[in-house]
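Structure at a glance
Residue strings, one per chain:
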Amino acid sequence: MPRRKSILIRAEIDIALKSHNCQHNKAHRISQGDKRLKIKSGRSWEHFCVACAKDILRDGVQRVEELIAQLEE
């Protein structure tokens, strides 16, 4: 069976090896050992704290649901 197309970008959850700021909100600090969302952007990765990651993922789910609703109209 052929593989289905996907609109999802390359993203994964990993553990920060060192402390750094969230790339969405510089006031959010990701500490060593914290979970973070890692999204491929060109040749590099962007890293987001858990709070921002949840917002990013929820927005994505909402957008996909809107697209599905438009197809069902």
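These lines cover the structure that appears in this document, whether it is placed above or below. Note that the structure is predicted; figures quoted are calculated from it, not measured. (Residues numbered from 1 in each chain as written. Predicted model: local features only at pLDDT ≥ 70, side-chain atom pairs only at ≥ 80, totals over all residues. Heavy atoms only, no water.)

Re the pairing of strand β5 (residues 44–48)
Note that strand β4 (residues 35–41) and β5 share five bridges and pair antiparallel. Its bridge partner being in β5, Lys38 is matched across the sheet by His47. A loop of two residues connects β4 with β5, the two strands running antiparallel in sequence, and Gly42 in this loop sits at a positive phi of about 65°. (Pairing = 2+ DSSP bridges. Helix = DSSP H or I, 4+ residues; strand = E, 2+ residues; numbered from the N terminus.)

So, the environment of Glu46
By the secondary structure assignment, Glu46 is in strand β5. Of the residues examined, Glu46 reaches a relative accessible area of 30% and is grouped as partly exposed. Considering only alpha carbons, one finds Glu46 and Cys22, 24 residues apart in sequence, at a separation of 8.6 Å. In contact with Glu46, not counting residues within four places along its chain, are Gln23, Leu37, Lys38, Ile39 and Ser41. (Buried < 20%, exposed > 50% of the residue type's maximum accessible area, 1.4 Å probe, protein only. Contact = heavy atoms within 4.5 Å.)

Thoughts on a nonpolar patch on the surface
Residues Ile7, Leu8, Val64 and Ile68 make up a contiguous nonpolar surface patch of roughly 410 Å² in combined accessible area. Mapped onto the fold, Ile68 is located in helix α1 (residues 50–72). Residue Ile68 is classed as partly exposed on the basis of its relative accessible area, which comes to 42%. (Patch = residues over 30% accessible without salt bridge, like charges linked within 9 Å, V, L, I, M, F, W, Y side chains within 5 Å. Areas by Shrake-Rupley, 256 points an atom, 1.4 Å probe, with all protein chains shown as cover. Salt bridge = Lys/Arg side-chain N within 4 Å of Asp/Glu carboxyl O.)

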